[in-house]
Amino acid sequence: MSNSVIQVIDGFLANIGRTVLALFESIGQLVIFAALAVSHIFRPPFYLGSFGRQLMHIGFFSLPVVGLTALFTGGALALQIYSGGARFSAEAVVPSVVAIAMVRELGPVLGGLMVAGRVSASIAAELGTMRVTEQIDALTTLSTNPMKYLVAPRLLAATLVMPILVFIGDTIGIMGGFLVGTNRLGFNGATYLQNTWNFLEADDIISGLIKAAVFGFIVALLGCYNGYHSGRGAMGVGRATTNAVVSASVLILASNYILTEMFF
Amino acid sequence: MISIKNLHKSFGDNVVLSGVNVHVSAGHSLVVIGGSGTGKSVLLKCILGLITPDSGTIEVNGINPNSGNREAFLDQFGMLFQGGALFDSLPVWQNVSFRLLQGKHRLSKDDARDIAVEKLRRVGLKASVADQLPAELSGGMQKRVGLARAIAAEPEIIFFDEPTTGLDPIMSGVINELVREIVVEMGATAITITHDMSSVRAIADEVAMIHEGVVQWTGPIGNIDSSGDPYLDQFINARPHGPIESVR
Ligand SMILES: Nc1ncnc2c1ncn2[C@@H]1O[C@H](COP(=O)(O)OP(=O)(O)OP(=O)(O)O)[C@@H](O)[C@H]1O
Ligand SMILES: [Mg+2]
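What you see as residue numbers is a count from 1 along each chain, following the sequence as written. The naming scheme follows written order: chains are lettered A onward, ligands numbered 1 onward. For this predicted model, a pLDDT threshold of at least 70 governs which residues receive local features, and a threshold of 80 or more governs which side-chain atom pairs are given and counted, while totals over whole chains, interfaces and linings are taken from all residues. In computing side-chain properties, one takes all heavy atoms of the structure into account and sets aside hydrogens as well as water.

Visitor: Explain helix α6 (residues 146-183) of chain A to me, please; I cannot follow it from the model alone.
Guide: Residues that lie three or four places apart on an α-helix share one face, since the helix turns once every 3.6 residues. In this text, helices come from DSSP runs of H or I with a minimum length of four residues, and strands from runs of E with a minimum of two, each type numbered from the N-terminal end. Working rule for helices: expected span equals 1.5 Å times residues minus one. Compared with an ideal rise of 1.5 Å per residue, which puts 38 residues at 56 Å, α6 of chain A spans 53 Å between its outermost C-alpha atoms and is within 8% of the ideal. Between N or O atoms, a polar contact is any pair within 3.5 Å; within protein, one atom must be a potential hydrogen donor and the other a potential acceptor, and residues adjacent in sequence are included only when both atoms are from side chains. A side-chain oxygen of the first residue of α6 of chain A lies 2.9 Å from the backbone nitrogen of M147 of chain A; this N-cap is N145 of chain A.

Structure follows, in structure tokens:
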């Protein structure tokens, strides 16, 4: 009787132990992968062509997604803050709060999540396909280090281009708030802009852009890691893609909290 | 010279190689035969260090594949992968001359392209293929592009994983001749995996047959018909019945 209870508890604890160990193991592997990849960014040869293509692919082609996300978010934010502010007769805070929320939080986080969906997935699918069709092995046999040729340019490009992308997104988001504020909420255009400028501090912008760089790194890292270690066959690539998007998104949100605490 | 002693490799419960011994002298051509799934491709990948064996020793000119400078080690190799493994984002000519476009001694694009076109011609492909993407080619054409890539940098050691699978008989003949030429004229050391007995006879100096994780029989090509080994006899005569089970 008590024996079977002990067995159940034992099995339960063993399960927890296994899961925790597996979690730590994969975190460890990810950290090693990241360290190795970063070290390759700084050691020649450098693949500039590949880096340039990734800048286009990750940065330029993400502009529509990030821009639209920011535009609608900025607009919605203006409405919400207006209706919240109205309860304290503080409708006038709309421009400054929209700007601060956009620049410090929503621009980087939503931009990061959208890019995670787009870029992590495509990197994981591309590298995963290369893995299962032995293209990564072929690179190695052609004396080309796949970490250097495939992973390093993507990591560097994403980390550098994400702040630019988010900066543009921030601007568009503030413009979304401006459009709604002036057209729907009766703000005067000049005052709206004046208020935006007056209350926005350099720190707000810089902290947001640092977040963006970290998120860019996360997006590329998890895309590369999952693709690089893709299982065999189409199913392996599918799983790698899903894992890349999910883990990148969760890691963006978690690191966002940590970064926000640091800048607080 | 390639020397493999007592090589073991399992994937989980799947025991693939369990004590393989192979020796290839410099400038010789070894053909590896054996049933589907017996670990022939795994053997080549172990030699290249793409798969880490569980135990056993591998030496290529006295050097272990996973020790020391990987890139310098791999510089002496050319490899045709069973599935081609062409880079699908690069046009054919850049695939073929990939190695020539990397590293310290890289060639100019024009020179590399000229060499690519010349290698393509050797595997029976027209120059017009050079600017196409691998996905636009037929399976057999992709295979031949892979072959051209393997020989482009004129390596000392060449591995061909099923070079003639999926080719028509004439093209198979062309490729057999090419492999033979590479060994005889360039003095390369070659290991070829094939299921095609006419290729075996055309290409091999020595033959090794892998069965159930070990080398079942090995010897000079001249001896394969008189080996007296029931496994080898069944295999080269394509008999459905014999010591090798047909469900594996
Ligand atoms: N990366 C891998 N992970 C797990 N199992 C593998 C891996 N590579 C090969 N195997 C297994 O090893 C065994 C041998 O595979 P291998 O590709 O070497 O066969 P082969 O002799 O080349 O067969 P074929 O003539 O059909 O190409 C197979 O059972 C395969 O499932
Ligand atoms: Mg094979």
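On we go from here.
Visitor: Explain the side chain of D233 of chain B here, please?
Guide: All names here are of chain B. In this fold, D233 is placed in helix α8 (residues 230-236). Burial status follows relative accessibility: with a 1.4 Å probe on protein chains alone, a residue under 20% of its type maximum counts as buried, one over 50% as exposed, and anything between as partly exposed. When charges are counted, Lys and Arg are positive and Asp and Glu negative, with His and the chain ends excluded. The working definition used for a salt bridge is a side-chain nitrogen of Lys or Arg within 4 Å of a carboxyl oxygen of Asp or Glu. Salt bridges are absent for the buried D233, whose nearest opposite-charge side chain, R239, sits at 5.6 Å. Here, residues are in contact when the closest pair of their heavy atoms is within 4.5 Å. For D233, the contacting residues outside a window of four places in its chain are I224, D225, S227, G228 and R239.

Visitor: Honestly, the layout of surface pockets in this entry has me stumped. Any pointers?
Guide: Once rolled over the atoms, a probe with the size of a water molecule shows which space is left empty. Any residue with an atom within 4 Å of a point lines the site, the site being either a cavity, points on a 1 Å grid over the protein atoms alone where a 1.4 Å probe fits but cannot get out, or a pocket, an open set with protein on both sides within 12 Å along at least 5 of 7 lines. Grid points are joined across faces, edges and corners, and a volume is the space filled by probe spheres set on the points. Roughly 1,200 Å³ of volume is contained in the largest pocket. Along the wall of the largest pocket there are 44 residues; nearest its centre are R131 and D137 of chain A together with K45, L50 and I51 of chain B. The element best represented in the lining of the largest pocket is helix α1 (residues 2-41) of chain A, accounting for 5 residues. Residues are grouped as follows: nonpolar covers Ala, Val, Leu, Ile, Met, Phe, Trp, Tyr, Cys and Pro; charged covers Asp, Glu, Lys and Arg; every other residue, Gly included, is treated as polar. Its residues assigned to classes, the lining of the largest pocket shows 15 nonpolar, 19 polar and 10 charged. In this document the domain limits rely on a domain assignment from an automatic tool or a database. Split by domain, the residues of the lining of the largest pocket number at least three in each of domain 1 (1-43) and domain 2 (47-263) of chain A.

Visitor: What is the right way to look at the domain arrangement of chain A in this model?
Guide: When the parts of a complex come together, some accessible area is lost, and that lost area is often taken as the interface size. Residues and elements named next belong to chain A. We note that the domain assignment places domain 1 (1-43) and domain 2 (47-263) within chain A. Just the C-alpha atoms count here: the centres of domain 1 and domain 2 sit 29 Å apart. Between domain 1 and domain 2, the contact holds 11 residues from the first and 14 residues from the second. Counting the surface domain 1 buries against domain 2, the share from its top three residues, L30, F33 and H40, is 54%. For the interface between domain 1 and domain 2, the tally reads 0 salt bridges. Where domain 1 packs against domain 2, one counts 3 residue pairs in polar contact (both at pLDDT 80 or more). When the residues that make up the side of domain 1 that touches domain 2 are grouped by side-chain class, the tally is 7 nonpolar, 3 polar and 1 charged. Buried area counts how much accessible surface, traced with a 1.4 Å probe, disappears from two parts once they are put together, with both parts' losses summed.

Visitor: How do you make sense of the packing of helix α4 (residues 94-132) of chain A against helix α9 (residues 233-263) of chain A when you look at a structure like this?
Guide: To characterise two packed helices, one gives the angle between the axes of the helices and the distance between these axes. Residues and elements named next belong to chain A. Interaxial angle, 0 to 180 degrees, is taken between N-to-C directions of lines fitted to C-alpha atoms, where a helix line uses only the stretch in contact. Contact pair α4 / α9: the axes reach a minimum separation of 8 Å and the direction vectors enclose 150°. Compared by their axis directions, α4 and α9 come out roughly antiparallel. With respect to the hand of their crossing, α4 and α9 are arranged in right-handed fashion. Per-class residue counts for the contact of α4 with α9 are 15 nonpolar, 10 polar and 2 charged. In these notes the angle categories are as follows: under 35 degrees is roughly parallel, over 145 is roughly antiparallel, 65 to 115 is roughly perpendicular, and the rest is oblique. Two helices cross in a left-handed way if the nearer one is turned anticlockwise from the farther one by less than a right angle. They cross in a right-handed way if the turn is clockwise.

Visitor: Mind showing me how you'd approach the pattern of salt bridges here?
Guide: Two side chains bearing opposite charge may form a pair once their charged atoms approach each other closely. Applying the stated rule across the entire model yields 13 salt bridges over all chains. Residue R131 of chain A is joined to D137 of chain A by a salt bridge in which the shortest nitrogen-to-oxygen separation is 3.6 Å. The class for R131 of chain A is partly exposed, based on a relative accessible area of 23%. Under the relative-accessibility criterion, D137 of chain A is labelled buried at 13%. Residues D54 of chain B and K9 of chain B are paired through a salt bridge, measuring 3.7 Å at the closest nitrogen-oxygen approach. Of this pair, D54 of chain B sits in the loop between α1 (40-48) and β4 (55-60) while K9 of chain B sits in strand β1 (residues 2-11), placing them 45 residues apart in sequence. Residue D54 of chain B is classed as partly exposed on the basis of its relative accessible area, which comes to 47%.

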